[in-house]
Amino acid sequence: MRHEVTIPQKLYKIFIYVICILLAILSILPFYIMFVNATRGTYEIQSNALSLIPSKYLLSNYKVFEGKSFSPIVGFINSMIISTGVTALTAYFSSMTAYALVAYNWKLRQPFFAFILAVMMVPGQLTSIGFYQFMYRIGWTNSYLPLILPAIAAPTVVFFMRQYLIGTLSLDIVNSGRIDGAGEFHIFNRIIIPIMKPAIATQAIFAFVGSWNNYFMPSILLTSKEKYTMPIMISQLKGDIYKTEYGSVYLGLALTVLPLFIVYFALSKYIIAGVALGGVKE
Amino acid sequence: MRRKGVSYAKYGYIFSIPFVLAYIIFHLYPLVFTTVIGFTDYKGIGKTNFKFLEDIFANFKLILNNPSFQVSLKNTFGMWLVNFIPQILLALLLTAWFTNNRRKIKGQGFFKVVLYMPNIITQATIAILFSQLFAYPTGPINSLLQNMGLIDSPSFFLMNKTLSRGIISFIQFWMWYGYTMIILVSGVLGINPELFEAAEIDGATSRQTFFKITIPNLRTILLFTLVTSLVGGLNMFDIPKLFNNGLPDNATLTSSVFIYNQAFSGSYLYNRAAAASLIMFFIIAICSAALFLIMYDRDAAQIRKLEKKQYKALRKLDKEARRVAK
């Protein structure tokens with residue numbers, strides 16, 4: 001069918017673009033103001049907090065952090081350790097669990113999958129009281145272990161890995177490995193993991209970002225300053241010592257956003273594709 | 001699975017062991033322990049012994065009658081609703097625009113990347129950034145309104161109850177509509193294209209196609225979005241905690257912040273926090289189960305009806321096409 005492009009239709013199309021561009025600006029503007037104010041002096045911000053032109057107080061804003069509780073480098077390193085651990089464990093063990101669900105025919109396979117579906121929705125935050133008390137009893141508060149080890153069991157990731165594996169795994173490959181005399185673990189590590197790389201990459205990004213942004217659990221478990229993660233460092237910016245250091249607060253926020261921006265814009269293609277995957281789950 | 005009598009079934013169990021062990025230790029046991037604590041006198045810092053209460057439901061009664069908890073529940077639902085309705089509407093509108101075949105919108109990849117972007121930024125950062133943007137007396141929003149001459153003197157936005165709640169809802173909306181849009185667009189792309197072709201041949205307008213074909217076929221995904229958003233919304237913590245810490249006068253207190261404050265900020269009332277957690281757990285379970293049942297029932301019946309209708313239409317078209325070909 002051919003449709004004549006009429007003037008109202010053209011106007012409507014322009015209207016769509018205008019709305020989309022306005023929404024894009026709405027997404028970017030708060031961060032833009034943040035980056036600009038990170039370079040502006042406290043006095044400048046006091047006289048006019050809204051400016052689109054950067055100034056030259058970046059270094060003096062940074063100097064304010066010296067000797068105070070907000071230390072972006074310590075936070076960065078700590079978050080890096082935790083998030084890397086979480087990502088490695090989630091990726092490896094979720095692939096393994098998904099493989100068990102797809103490649104082997106065992107009695108409890110269907111019940112186990114049903115269980116995973118059922119617990120996908122259980123919000124971990126609500127069990128935090130028991131979790132905290134449990135960790136307190138075994139002396140694991142102020143340790144990274146309770147933040148990293150639970151990642152071995154990630155029901156949502158297992159679900160996505162399983163969906164991927166069902167679509168791509170051919171049992172012929174597994175069987176030919178067996179004929180060659182390879183053990184089951186060897187087959188999993190050497191043949192299956194490489195096959196799953198695309199799925200692992202997407203899920204790894206989300207596991208990493210999720211762990212990086214996690215504020216609730218670390219803020220409960222970590223009490224010593226040198227163990228603080230990035231989000232806890234961020235929460236320090238609300239403290240009274242920064243009340244009059246406007247530029248430094250913006251700079252602190254900017255420093256925490258910068259690594260995420262770099263990762264996001266470098267990997268946005270995979271991230272958007274990964275989000276879209278959530279929509280095809282039925 | 002069997003080759004020369006070798007059964008590999010046991011490897012299914014072996015490969016599941018790490019997941020099961022970790023789940024039992026780090027997820028299931030804490031859930032059970034939380035439940036137990038909810039019925040005990042467990043409170044105070046550094047204490048590890050506890051006993052069950054004589055009135056076994058005392059903590060639950062206290063929590064349910066606690067005015068702060070009641071307010072926090074109302075706030076949590078209210079702020080979620082005020083964020084979710086515009087979020088789903090805007091996401092649907094954008095989906096309609098982006099998936100319209102006649103009106104090819106360029107730069108969709110760019111728009112998706114930019115609109116989704118706030119979603120991956122640390123919520124703690126976003127909460128404090130917005131409290132800075134709306135700061136008093138010198139925040140960018142105050143400056144903007146003053147520069148435009150809309151207000152004479154800076155306004156203390158964060159002391160206004162409705163406004164504080166509204167800003168938190170807006171942050172949630174702003175962080176999540178891009179995500180919802182991407183999910184919905186991918187859902188539309190998963191719909192059988194023949195349905196859209198048939199509609200076009202029948203001369204349906206864009207609006208008719210959207211409401212009669214796209215929306216009904218998106219049912220499952222809409223339900224998924226609704227449930228995940230509800231569960232997430234009822235657990236909202238980072239933003240209300242760091243944006244305004246429940247202020248002013250508990251106006252932005254959510255149930256998660258309430259639970260946190262009971263247990264971890266000075267009062268160490270672990271038993272009451274556990275009871276409140278369990279109450280939230282039940283509310284969430286009931287909400288998602290109810291949503292599932294309502295949508296599923298209607299869904300199943302209506303989809304069956306719809307499919308029948310669509311197949312009939314398709315067959316009719318097929319016949320006609322064949323007749324024309326002859």
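A quick note: this is a predicted structure, and the numbers were derived from the prediction, not measured. (Residues numbered from 1 in each chain as written. Chains lettered and ligands numbered in written order. Predicted model: local features only at pLDDT ≥ 70, side-chain atom pairs only at ≥ 80, totals over all residues.)

**Some details on the overall build of chain B**
Turning to step 1, where the next piece is worked out: On a plain count of helices and strands, chain B comes out with 13 helices and 0 strands.
Turning to step 2, where the next piece is worked out: Its helices and strands taken in sequence order, chain B reads α-α-α-α-α-α-α-α-α-α-α-α-α from the N to the C terminus.
Turning to step 3, where the next piece is worked out: Over its C-alpha trace chain B gives a radius of gyration of 26 Å, far above what one expects of a compact globule, namely 20 Å for 326 residues.
Turning to step 4, where the next piece is worked out: Dimensions of chain B, computed from the C-alpha atoms along their principal axes, are close to 85 × 80 × 35 Å.
Turning to step 5, where the next piece is worked out: The buried share of chain B, taken over its 326 residues, is 43%.
Turning to step 6, where the next piece is worked out: The long-range fraction of contacts in chain B, counting pairs at least 24 apart against all pairs at least 6 apart in sequence, stands at 69%. (Helix = DSSP H or I, 4+ residues; strand = E, 2+ residues; numbered from the N terminus. Rg over C-alpha atoms; globule rule 2.2 N^0.38 Å. Buried ≥ 20, exposed ≤ 12 C-beta atoms within 10 Å, placed from the backbone. Contact = placed C-beta atoms within 7 Å.)

**Remarks on the interface of chain A and chain B**
Turning to step 1, where the next piece is worked out: Across the contact, 74 residues belong to chain A and 79 residues belong to chain B.
Turning to step 2, where the next piece is worked out: Top contributing element to the side of chain A that touches chain B by residue count: helix α14 (residues 246-277) of chain A, with 12 residues.
Turning to step 3, where the next piece is worked out: Taken together, the residues of the side of chain A that touches chain B break down into 50 nonpolar, 18 polar and 6 charged. (Nonpolar A, V, L, I, M, F, W, Y, C, P; charged D, E, K, R; others polar.)

**A short note on unusual backbone geometry**
Turning to step 1, where the next piece is worked out: We note that asparagine 142 of chain A has phi near 65°; this positive angle belongs to a residue other than glycine.
Turning to step 2, where the next piece is worked out: Position of asparagine 142 of chain A among the secondary structure elements: in the loop between α6 (128-137) and α7 (145-148).
Turning to step 3, where the next piece is worked out: Exposure remark for asparagine 142 of chain A: the 13 C-beta atoms within 10 Å place this residue in the partly exposed category.
Turning to step 4, where the next piece is worked out: Positive phi, normally seen in glycine, also occurs at aspartate 249 of chain B, with a value near 50°.
Turning to step 5, where the next piece is worked out: Position of aspartate 249 of chain B among the secondary structure elements: in the loop between α11 (238-243) and α12 (255-264).

**Some words on the domain arrangement of chain A**
Residue and element names in this part refer to chain A.
Turning to step 1, where the next piece is worked out: Domain assignment breaks chain A into domain 1 (7-62) and domain 2 (69-278).
Turning to step 2, where the next piece is worked out: Taking only C-alpha atoms, the centre of domain 1 and the centre of domain 2 are 32 Å apart.
Turning to step 3, where the next piece is worked out: Opposite the 14 residues of domain 1 that make contact, domain 2 presents 10 residues.
Turning to step 4, where the next piece is worked out: At the level of secondary structure, the elements contributing two or more residues to the side of domain 1 that touches domain 2 comprise α1 (7-38), α2 (42-47) and α3 (58-63).
Turning to step 5, where the next piece is worked out: Considering every element that reaches the side of domain 1 that touches domain 2, the biggest residue donor is α1, with 5 residues.
Turning to step 6, where the next piece is worked out: Within the side of domain 1 that touches domain 2, the residues separate by chemical class into 8 nonpolar, 5 polar and 1 charged. (Domains from an automatic or database assignment.)

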